[in-house]
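Take a look at the letters that make up each chain.
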Amino acid sequence: MTRSSRPSRPRSLIKQLDASTARVWIIDAAGDLIHLSPAMAEWLGESTETDDSQTVETIAEHWVDALRPAPSIRFRGHHTRRITLSKPPGSSKNPGGSSQCDTASTEVAHWVSLGDSGYTVGCIGEFLRDADVPLSDWLGEGGLRQESLLSELIAKHQSSNARNADILLAGESDAAELLRHRVNAATSMRCHLGLFAPTNSSSRELALRLHDASAPGEPITIVDGALMDAELLEAYAAPAIHSISQEDGHRSNATLLIERLDEMPDDAQLKLTQWVDVFGDHLRLIGLLDPARVADNHSQPGEPDDPLDAQIAELTHMPQAVTGIAKPLMNLMRAMPISIPRLRDRREDIPALALALLREAHRASQSQKRTSDSDPPRLGRDAIDALTMYPWPNDFDELAEAMTSALSRVVGDRIGREHLPLVIRSFRVGPSATSERESEPEKADNNFRIDSLDDAVQKYERELIDRAMDASQGNKAEAARRLGISRARLLRKLDG
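All values derive from a computational prediction rather than experimental measurement.

Undergrad: I would appreciate a short explanation of the pattern of salt bridges in the present structure.
TA: When the charged atoms of two side chains with opposite charge come close together, those side chains can pair. Under the counting rule described, the total for this entry stands at 16 salt bridges. Glu478 serves as the salt-bridge partner of Arg481, at 2.6 Å between the closest nitrogen and oxygen. Of this pair, Arg481 and Glu478 both sit in helix α22 (residues 476-483), 3 residues apart, which is roughly one turn of that helix. Salt bridges here are not isolated pairs; linked through shared partners, they connect Glu61, Asp65 and Arg68.

Undergrad: Looking at this structure, I do not really get the pairing of strand β6 (residues 193-196). What am I missing?
TA: On a regular strand, one side chain projects to one face of the sheet and the next to the other, so that they alternate. The side-chain alternation of β6 yields two buried faces, one formed by Leu193 and Leu195 and the other by Gly194 and Phe196. Here β6 runs beside strand β9 (residues 283-289); their pairing, made up of 4 bridges, is parallel. Bridging from a neighbouring strand, Phe196 pairs with Leu289 of β9. Strand direction decides the pairing type here: β6 and strand β10 (residues 337-339), joined by 3 bridges, are parallel. Note on β10: the bridge partner recorded for Phe196 is Ser339.

Undergrad: Help me understand the sheet that holds β9, please; the structure alone is not making it clear to me.
TA: Pairing between the strands of a sheet comes from backbone hydrogen bonds, and it takes one of two forms, parallel or antiparallel. One open sheet holds the 5 strands; their spatial order is β7-β8-β9-β6-β10, and the pairing between them is parallel. The open sheet has two edge strands, β7 (220-224) and β10, and neither has a second partner. Averaged over all neighbouring strand pairs, the angle between strand axes comes to 15°, with direction disregarded. The sheet contacts of helix α8 (residues 174-187) involve β6 and β10, and relative to β10 the element is tilted by about 145°. Taken strand by strand, helix α9 (residues 201-214) contacts β6, β7, β8 (254-259), β9 and β10, and its axis lies near 160° from that of β9.

Undergrad: Sorry, what's going on with a negative patch on the surface here?
TA: On the surface, a cluster of negative charge is contributed by Glu172, Asp174, Glu177 and Glu348. Relative to the helices and strands, Asp174 resides in helix α8. On the basis of relative accessibility, which here comes to 66%, the residue Asp174 falls in the exposed class.

Undergrad: Sorry if this is basic, but what is going on with helix α21 (residues 453-471) here?
TA: Since the α-helix turns once every 3.6 residues, residues separated by three or four places project in the same direction. Over its 19 residues, α21 extends 27 Å from the first C-alpha to the last, a length consistent with the 27 Å expected when each residue adds 1.5 Å. Here α21 has its buried residues at Ile465, Ala468 and Met469. Down the axis of α21, the sector holding all buried residues measures 95°, keeping them to one side. Every exposed residue of α21 that faces more than 90 degrees away from the buried side is listed here: Leu453, Lys459, Tyr460 and Asp470. Elements that come into contact with the buried residues of α21 comprise α22 and α23 (487-495).

Rules used throughout
Residues numbered from 1 in each chain as written. Predicted model: local features only at pLDDT ≥ 70, side-chain atom pairs only at ≥ 80, totals over all residues. Heavy atoms only, no water. Salt bridge = Lys/Arg side-chain N within 4 Å of Asp/Glu carboxyl O. Helix = DSSP H or I, 4+ residues; strand = E, 2+ residues; numbered from the N terminus. Buried < 20%, exposed > 50% of the residue type's maximum accessible area, 1.4 Å probe, protein only. Pairing = 2+ DSSP bridges. Axes fitted to C-alpha atoms, helices over the stretch in contact; angles between N-to-C directions. Contact = heavy atoms within 4.5 Å. Patch = residues over 30% accessible without salt bridge, like charges linked within 9 Å, V, L, I, M, F, W, Y side chains within 5 Å. Areas by Shrake-Rupley, 256 points an atom, 1.4 Å probe, with all protein chains shown as cover. Lys, Arg positive; Asp, Glu negative; His and termini not counted. Charge placed at Lys NZ, Arg CZ, Asp CG, Glu CD. Expected span 1.5 Å × (residues − 1). Arc of directions from axis to C-beta.

Here's what the structure looks like:
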């Protein structure tokens, strides 16, 4: 490609580079020099009074060759080397405007490829090896290496939290869809949040994701409410409270994430309420509350079990002696309440959740091995049935651990029931109803005979399915839960 036929130049980038005093140039995707900054043109001894395109045209070709990066920049993205700019034959110009008799100037050049744009920016600058950087600059307060490592760790942590939180929201059940709607609403505004779920890894990650999305860059302090009295709370929350205790002109915002808020002692809850009254919107609370105790102990027979609404509604109408949380704090948690449904209440989502967690575990394993040349194994039907049948007392975290464990055991491309943890693969559903007739002593029946065992088993299975459908008032998901099978399996049996 000739210089006259090269494509248009990145004007906005050129304006920013020309505003500095750096000796900078731009190489396009074809390897042609398309721009010199005024400082670079002056250093080369070229006229700065002419148009920039004319200045580029006058640069000697062997200088242009020296200003091109090595071909490896396409893969590495950056390149550094020493270059020598020799005086052109028959020319009196020396780079840098030197009047000495030497005919060459050796400098250190750096190149950076600008992603997929095809442009490469080069500059002349001082070359300083990492070993020559003073330790105080690397490791001291605000040191380059320390800051870089911390930034990388924070980015990885936030990325991991976001992935796990997104998996928690997966599924096609009504509970999953409603949860996603509430999470989307919570991420669009900065307000007090109440997460009605047991304090565990998944609920904590969802709380952090909500915070990062609704208040990016805002400092957050995590405290365990069950361990905090008023004095300990003041000590642990001191950084957050100090940042919002400054003069009004310098007051910033901060968030407190309180785990097990419903188990926090009364004096600590009073301190929280006072802080909210004093600091107002500058202090945001995110509370994790476990509604299981109250819901299990105070639910009335025959009431519908709505995993997203019933528990919250029950908590909000009970006194502190029952709920464990003062009314002012409960009102704050009701500003944006989010209840994470239990796996046993969204069994139809378990296959999708398990597959997503399996892929995430495989991705993490491949990352540790620094390889990416294999696909994750698939989940067999027997494994899916076992996962759907299991009651999941430790909920989402237990499912994640089960997928990680199965991945470490599997050999091949299929995870079966035998690869699942023992507690899951050995689980069996007990009898759901007693026999209608009294048990009698076993008697020998020499005349016992049936025409077909398969027909008898199929007939008994159909009776159990009909009873489950009647008990669940036609709700197939609930009937499948009562039968201890997946909804998909129930549908197949109904169709058959």
